[in-house]
Amino acid sequence: MSKKLKRKDYEAQLEPLQLQLLSMARWLACTGKRVVVIFEGRDTAGKGGSIDAIRRHINPRQCRVLALPKPSDHEATQWYFQRYVPHLPAAGELLLMDRSWYNRAGVEKVMGYCTPEQYAAFLQQAPIFEQLLVDDGILLFKYWLTVDQKQQEARFAERLADPLKRWKLSPVDLQAREKYAEYTQAREVMLAATHSHYAPWTLVDFNDQRRGRLTLIRDLLLRLPDTAVSESTLTLKKLGHPPLHEEFGLLRPIPDGSEAD
């Protein structure tokens, strides 16, 4: 395995990719195209970090992140795909899905949160649902992030030890630790049923999260059409007067804490 990528090298490689992502965003706005990127994979693999790297410099009105919670009692009575439909992108938008309808093929299957009949129906209906999305013009990309169990265990331990990361751990995550092999089996069944020419899966190695992010973003950019769009030229005219200071009436800014330094 390659040595882990140093932060300095990672950031140097990431910056030009983020410039290309901005070009993609301009292309979306100009063409009205719609893009959905699904992020699935092991717990701790790095879905959130990858999503953050993509969206960091894109206008949040154009780029949305979807991470739905457990279905409500009302949603549980609906057609399984129904609660995802309202979140699909409109013209010029990019939707990044931190997990997706594939919860049913992963955690719900492995942890027993769905019936065998619901699971079988999902595997049959998911390709049909995705065919409808693609036929309507949505550009759909599906990524599954892989990580070895040894690396996963190290990341679980890091989350448990770090108060700032502990929120990422849940009782379900701790139960799922013991089902690594079962998740592998569920993934392979899912791939066999839902990997298609119109909505293919792409697996990315995330044992090194920095390398994984770069690999995923490069792949996404390569698979998009030509997104080169000229950037609008903006100029800052002179103010015509000296810069003004803030003036306050009813309220003033709160203390900045420098008195304590």
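Nothing here was measured: the structure is a model prediction, and the numbers come from that model.

Q: Can you walk me through the packing of aromatic side chains in this structure?
A: Each aromatic ring pair is specified by the distance between its two centres and by the angle formed by the two planes. A full pass over the atoms with the stated rule returns 13 aromatic pairs. Ring plane angle 90 degrees and centroid distance 5.0 Å describe the contact between W101 and F129, whose orientation is recorded as edge-to-face. Here F129 lies in helix α4 (residues 116–135) and W101 lies in the loop between β3 (94–98) and α3 (107–111), a separation of 28 residues in the sequence. Neither residue differs from the other here; W101 and F129 are each classed as buried. Just above the ring of Y84 sits the side chain of R83; from NZ or CZ to the centre is 5.4 Å.

Q: Hey, could you run me through the UniProt feature "domain: Polyphosphate kinase-2-related" (unreviewed entry) in the protein chain in this one?
A: Under the local residue numbering, the UniProt record ascribes the feature "domain: Polyphosphate kinase-2-related" (unreviewed entry) to residues 5–228. The span residues 5–228 is 48% helical and 14% strand by assignment, and the distance between its end C-alpha atoms comes to 29 Å.

Q: Is there a simple way to explain the nonpolar core in this structure?
A: Burial of nonpolar side chains together is a common tendency in soluble globular proteins. Core analysis: the biggest nonpolar cluster contains 32 residues, and V37, I54 and L94 have the highest contact counts within it. The set of elements that each furnish at least two residues to this core consists of α1 (7–31), β1 (34–41), α2 (47–55), β3, β4 (138–146) and α8 (209–223). Among the elements that line this core, the one with the most residues is α1, at eight residues. Setting aside chain neighbours within four positions, we find V37 in contact with L94, L95, L96, M97, F141, Y143 and L220. The next biggest cluster of nonpolar side chains, apart from the first, holds 27 residues, and it includes Y80, C114, L133 and L191.

Q: Explain the pairing of β4 to me, please; I cannot follow it from the model alone.
A: The side chains of a regular strand alternate, residue by residue, between the two faces of the sheet. Among the nine residues that make up β4, eight are buried, leaving the element largely enclosed by the rest of the structure. Pairing of β1 with β4, which is carried by eight bridges, proceeds in the parallel orientation. Each bridged residue has a counterpart across the sheet, and for R34 the counterpart in β4 is I138.

Q: What is the right way to look at the environment of T227 in this model?
A: Among the structural elements, T227 can be located in the segment after α8. Residue T227 is classed as buried on the basis of its relative accessible area of 12%. When neighbours within four sequence positions are excluded, T227 is seen to be in contact with S23, M24 and W27.

Q: Sorry, what's going on with the environment of V107 here?
A: One can find V107 in helix α3. The class for V107 is partly exposed, based on a relative accessible area of 21%. Residues V107 and Y183 lie 76 residues apart in sequence; the distance between their C-alpha atoms is 7.8 Å. Beyond its immediate stretch of four places on either side in the chain, V107 contacts G112, Y113, V172 and Y183.

Q: How should I be thinking about the pattern of salt bridges in this particular structure?
A: Close approach of charged atoms allows side chains of opposite charge to pair. This structure, assessed with the given rule, holds 15 salt bridges. Salt-bridge contacts for E231 lead to R26; the nearest nitrogen and oxygen are separated by 3.9 Å. Of the two residues, E231 sits in the segment after α8 while R26 sits in helix α1, which places them 205 residues apart along the sequence. We note a salt bridge from R34 to D136, for which the minimum N-O separation is 3.1 Å. Linking R34 in strand β1 with D136 in the loop between α4 and β4, this pair joins segments that are 102 residues apart in sequence. Classification of R34 as buried rests on a relative accessible area of 18%.

Rules of the game
- Residues numbered from 1 in each chain as written.
- Predicted model: local features only at pLDDT ≥ 70, side-chain atom pairs only at ≥ 80, totals over all residues.
- Heavy atoms only, no water.
- Phe/Tyr/Trp six-rings, centres within 6.5 Å; stacked < 30°, edge-to-face > 60°.
- Helix = DSSP H or I, 4+ residues; strand = E, 2+ residues; numbered from the N terminus.
- Buried < 20%, exposed > 50% of the residue type's maximum accessible area, 1.4 Å probe, protein only.
- Lys NZ or Arg CZ within 6 Å of the ring centre and 35° of its normal.
- UniProt positions renumbered as here; feature names shortened; annotations may be inferred.
- Core = buried A, V, L, I, M, F, W, Y, C linked by side-chain atoms within 4.5 Å.
- Contact = heavy atoms within 4.5 Å.
- Pairing = 2+ DSSP bridges.
- Salt bridge = Lys/Arg side-chain N within 4 Å of Asp/Glu carboxyl O.

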